[in-house]
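What the coordinates show
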Amino acid sequence: MTTDVELAITGMTCASCANRIERKLNKLDGVTATVNYATEKAKVTYPGTVSTDELLKTVEAAGYAAALPTPTSAETPAEPERDPLLQRLLVSTALSIPVVAMAMVPALQFTYWQWASLVLAAPVVVWGALPFHRAAWTNLRHGATTMDTLVSVGVLAAFGWSLWALFLGTAGEPGMTHPFRISIDRTDGAGNIYLEAAAGVTTFLLAGRWLEHRSKRQAGAALRALLELGAREVAVIRDGREVRIPTDQLVVGDTFVVRPGEKIATDGDVVEGTSAVDASMLTGESVPVEVRPGDAVVGATVNAGGRLLVRATRVGADTQLAQMARLVEDAQNGKAEVQRLADRISGVFVPIVIGLAVATLGFWLGAGGGPTAAFTAAVAVLIIACPCALGLATPTALMVGTGRGAQLGILIKGPEVLESTRRVDTIVLDKTGTVTTGEMTVHAVVAADGESVDDVRRLAAALESASEHPIGRAIAASVDELAPVEDFANREGLGVQGIVEGHAVLVGRPRLLEEWSQHLPPTLVDAVERAQGEGYTPVAVGWDGRARGVIVVGDTIKPTSARAIAELRELGLTPILLTGDNEAAARHVAAQVGIEAVVADVLPADKVAEVQRLQAAGKVVAMVGDGVNDAAALAQADLGLAMGTGTDVAIEASDLTLVRGDLLVAVDAIRLSRRTLGTIKGNLFWAFAYNVAALPLAAAGLLNPMLAGAAMAFSSVFVVTNSLRLRGFRSSIS
């Protein structure tokens, strides 16, 4: 028998850390583990022969910390880390700017400027770079190297050599300057300091680390937002009277009251009352669901109509809401995180650089070059390999790209997101709130022979103005001036009736009119059937003993949706409409916007299964949605795009947020993401090209500080300039 447990992991600095923990756990007999760097969680299946203590000790033996999550810690896993990292970045930035400026601008090199640089750079190298030193030490203890290793070694080498040059060499003499001279010549290094490299690299990489952590902290927010959707308190019937208790105290079999406008506390069956339940938050269905005794209702949906008595059938972790939370989490944990290109290359690059530095030292000692020249060349190899431009490559492109995206209503959550946009070939679109507005509006008013369309609309709107039903509100909103209503009565599940302008008016299902012997003539029957065939809701209207008309109510397609679909096709994407709505409504909408593939009548779990089916068929899937029902599918998709007009849960579970709620913004998001990714890859190429090209010069002992500084500055300026080109990105929306 096996058991599942979820461990909260701390101390990971890159995707290779997650892989190391995963390998260690999987070496235990019968244990299957998946570690997600983004959520900082390990999902472990283990047999009865293994205890949780063994799992925790295995993670600790790998150099990391693990804990069994508690309900309280799940709410604040990353908050304590936010301020220290930001504080470290801000302090390092403030101290590094004058150090870099003095090193690069000879006019600022006053007497003893080198000692001022040392005072400013020391806290950055020791305290600011501490996360890199700590990670490098952890990796070293386990025989591994990552970018942290290269950063730590390079920064400490630059700082250590600077200390030697200042205290034991000639760099500490009063009036020492670094003249702005670019030449290739051999030097003993006694007059060279590299404090600007040590401080600058630390600050740039801290900026990248902070951006990454900021996006990672969002990983658990989707689950918290999902669980917060539920009702906090519930009125339970105990001994014939209502008693308010916290929702988590409900047990199966309890009968509880749901008043109009309240959330249903948990999954159950209606015992008494009829009403319309707005389930759009969970199902995506735009039309409220009519419920009566015997019907099942779902927790966290909203009672839009009358008073209900509900008997609880599932509580706590068994409810549909809790199951959806698990779906979101499983999708996040099962989603392969794209490792950064820099991290992938570092696995080879770092050992080569360190090996080259050692070989350089040995060569010059063996060739009789003397210890000073030998150490100068070896340290120069480490310094020139230290990724200054590399530290800028991702953060600058990401900051410019995300800044431009924010101007266009696109929020990109992190660099990992961008990798998916280049490979996406299929885009799955939710219907309600994505392709359509998600709001009920009047589409048509059909009057019977001899009747006025204006009269049908005016009298129905006046009567519905007294109703709380969403369809009624849509009809009422279609008229500017509403006549007064007398003797208003709500016929639960059927419609409404009352006196308007002296007429006895009925508005609702055709069955309500038939109860009063107001049968629909053939023209109105045709209108009802046509509306139902197109996925709309027909509302019959009658007064003074006769059926007079039909008002067709339904969702509205956004005006830009058809153009957006066409542009998505131009980007090489195949659109699929995926909705919890009925088949007729889905097909009607798809035909109007140019989508051929339609999957309708799906539950949230089915949406995830559909995305998984497409992925299993070799498709790289993007998903666009806006509701809670889309959250798990957004997390499962290779690229999740959430409409900003939708729910917080969908937004938190997605990779990209489209603030404006316009499907054309999805086109912009994919184009901008692809451009940003291309820029990052270009930056990384030139940053590495600079390192690789300069390494032979450093190993030959021909790299003086000015050439190193100028080359590093040029590389950094190139990377920043290349990133700034993203500011010229133009939107598809005119």
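For clarity, every value in this text was computed on a predicted model and none was experimentally measured.

Our next topic: the overall build of the protein chain. The helix and strand inventory of the protein chain stands at 26 helices and 26 strands. The contacts of the protein chain with a sequence gap of at least 6 include a subset with a gap of at least 24, amounting to 69%. Counting every atom, the protein chain has about 30300 Å² of accessible surface; 58% of that belongs to carbon and sulfur.

This part is about the packing of helix α20 (residues 561–570) against helix α25 (residues 663–699). Helices that pack against each other are described as a pair by the angle of their axes relative to one another and the distance between those axes. At a minimum axis distance of 7 Å, the contact between α20 and α25 shows a crossing angle of 25°. As the angle between them shows, α20 and α25 are arranged roughly parallel. Crossing angle aside, the handedness with which α20 passes α25 is left-handed. Contacts between α20 and α25 involve Ser561, Arg563, Ala564, Ile565, Glu567 and Leu568 from the first element and Leu663, Leu664, Val667 and Ile670 from the second. For the contact of α20 with α25, the per-class residue count stands at 7 nonpolar, 1 polar and 2 charged.

Attention now moves to the layout of surface pockets. Summary: where empty space remains is shown by rolling a probe the size of a single water molecule over the atoms. Estimates place the volume of the second largest pocket at around 860 Å³. Forming the walls of the second largest pocket are 50 residues, and the residues nearest its centre are Glu290, His469, Ile471, Arg509 and Thr537. Tallied by class, residues from the lining of the second largest pocket come to 19 nonpolar, 20 polar and 11 charged.

Within this numbering scheme, the UniProt entry marks residues 89–106, 112–130, 150–171, 191–211, 345–367, 373–394, 683–700 and 706–724 as carrying the feature "transmembrane region" (unreviewed entry). Secondary structure across residues 89–106 divides into 89% helix and 0% strand, with the first and last C-alpha atoms of the span separated by 27 Å. End C-alpha to end C-alpha, residues 683–700 measures 27 Å, and it is 94% helix and 0% strand.

Now for the sheet that holds strand β10 (residues 289–291). Judged by pairing direction, the sheet is antiparallel, and its 3 strands sit side by side in the order β10-β9-β12 without closing on themselves. Two strands in the sheet have a free side with no partner beyond their single neighbour: β10 and β12 (302–303). Here strand β9 (residues 275–278) runs beside β12; their pairing, made up of 2 bridges, is antiparallel. Each bridged residue has a counterpart across the sheet, and for Val277 the counterpart in β12 is Asn303.

What follows concerns the environment of Glu233. The topology assignment puts Glu233 in strand β5 (residues 233–238). A relative accessible area of 47% places Glu233 in the partly exposed class. Sequence separation between Glu233 and Thr247 is 14 residues, and the spatial gap between their C-alpha atoms is 5.0 Å. Those residues within four positions of Glu233 in sequence are excluded, and the remaining contacts are Arg244, Ile245, Pro246 and Thr247.

Right, let's get into the side chain of Asp630. With respect to the helices and strands, the residue Asp630 is situated in the loop between β24 (621–625) and α23 (631–636). For Asp630, a relative accessible area of 0% puts it in the buried group. From its side chain, Asp630 meets the backbone nitrogen of Asp626 in a polar contact 2.9 Å long. With sequence-adjacent residues up to four places away left out, Asp630 is seen in contact with Asp430, Lys607, Met623 and Gly625.

To continue, consider the confidence of the model for the protein chain. Model confidence for the protein chain is summarised by a mean pLDDT of 81, while 82% of its residues fall at 70 or above. Contacts from residues 72–82, a stretch scored under 50 in pLDDT, to residues over four places away or in other chains number 6 contacts. Below a pLDDT of 50 lies the segment residues 334–339, which in the model reaches 16 contacts outside its immediate sequence neighbourhood of four places, other chains included.

Close approach of charged atoms allows side chains of opposite charge to pair. Following the criterion strictly, the structure yields 18 salt bridges and no others. Note that Glu242 and Arg259 form a salt bridge whose closest N and O atoms lie 2.7 Å from each other. On the criterion of sequence distance, the pair formed by Glu242 in strand β6 (residues 241–246) and Arg259 in the loop between β7 (255–258) and β8 (267–272) is long-range, its members being 17 residues apart. Arg548 is the salt-bridge partner of Glu451, the closest N and O atoms lying 2.9 Å from each other. On the criterion of sequence distance, the pair formed by Glu451 in the loop between β16 (441–447) and α16 (453–464) and Arg548 in strand β21 (residues 546–554) is long-range, its members being 97 residues apart. Through salt bridges that share partners, Glu242, Arg259 and Arg307 make up one connected network.

Below, the discussion takes up the sheet that holds strand β25 (residues 639–643). In space, the 7 strands of this open sheet follow the order β14-β26-β25-β24-β15-β22-β23, with mixed pairing throughout. This sheet does not close on itself; its edge strands, each paired only once, are β14 (410–412) and β23 (597–599). Across the sheet, the axes of successive neighbouring strands diverge by a mean angle of 20°, strand direction being ignored. Where β24 lies against β25, 4 bridges are found, and the strand directions are parallel. Along β25, the bridge assignment pairs Ala622 with Leu639. Contacts from α25 reach β14, β15 (426–430), β24, β25 and β26 (656–658), with the element oriented near 40° to β14.

To continue, consider the nonpolar core. In terms of nonpolar packing, the biggest core is built from 49 residues, with Ile193, Leu195, Val353 and Val381 touching the most fellow members. Residues Ala586, Ile595, Leu658 and Ala669 belong to the second largest nonpolar core, which totals 46 residues.

Okay, the environment of Val424 next. In this fold, Val424 is placed in the loop between α14 (415–423) and β15. For Val424, a relative accessible area of 5% translates into the label buried. Other than its neighbours up to four places away in sequence, Val424 contacts Leu573, Val620, Ala622, Leu639 and Arg674.

The backbone of Asp239 sits at a positive phi, close to 55°, despite the residue not being glycine. Looking at the secondary structure, you find Asp239 in the loop between β5 and β6. When its relative accessible area of 81% is taken as the criterion, Asp239 is described as exposed. Even without being a glycine, Glu501 presents a positive backbone phi close to 50°.

Further remarks concern the side chain of Thr319. Checked against the element boundaries, Thr319 lands in the loop between β13 (308–314) and α10 (320–334). By relative accessible area, Thr319 is classed as buried at 9%. A polar atom in the side chain of Thr319 sits 3.1 Å from the backbone oxygen of Gly316. When sequence neighbours within four positions are dropped, the list of residues in contact with Thr319 reads Thr266, Asp267 and Arg314.

Where helix α4 (residues 113–128) contacts helix α5 (residues 130–141), the two axes come as close as 6 Å, and the packing angle between them is 40°. Classified by the angle their axes make, α4 and α5 are oblique. Contact residues: Val125, Val126, Trp127 and Gly128 in α4; Leu130, Pro131 and His133 in α5. Each residue belonging to the contact of α4 with α5 can be placed in one class, and the counts come to 5 nonpolar, 2 polar and no charged.

Conventions and cut-offs
- Residues numbered from 1 in each chain as written.
- Predicted model: local features only at pLDDT ≥ 70, side-chain atom pairs only at ≥ 80, totals over all residues.
- Heavy atoms only, no water.
- Helix = DSSP H or I, 4+ residues; strand = E, 2+ residues; numbered from the N terminus.
- Contact = heavy atoms within 4.5 Å.
- Areas by Shrake-Rupley, 256 points an atom, 1.4 Å probe, with all protein chains shown as cover.
- Axes fitted to C-alpha atoms, helices over the stretch in contact; angles between N-to-C directions.
- Parallel < 35°, antiparallel > 145°, perpendicular 65-115°, else oblique.
- Left-handed = near helix turned anticlockwise from the far one by under 90°.
- Nonpolar A, V, L, I, M, F, W, Y, C, P; charged D, E, K, R; others polar.
- 1 Å grid on protein atoms, 1.4 Å probe; cavity = no way out; pocket = protein on both sides within 12 Å on 5 of 7 lines; lining within 4 Å.
- Points joined across faces, edges and corners; volume = space filled by probe spheres on them.
- UniProt positions renumbered as here; feature names shortened; annotations may be inferred.
- Pairing = 2+ DSSP bridges.
- Buried < 20%, exposed > 50% of the residue type's maximum accessible area, 1.4 Å probe, protein only.
- Polar contact = N/O pair within 3.5 Å; in protein donor to acceptor, adjacent residues only side chain to side chain.
- pLDDT = per-residue confidence, 0-100.
- Salt bridge = Lys/Arg side-chain N within 4 Å of Asp/Glu carboxyl O.
- Core = buried A, V, L, I, M, F, W, Y, C linked by side-chain atoms within 4.5 Å.

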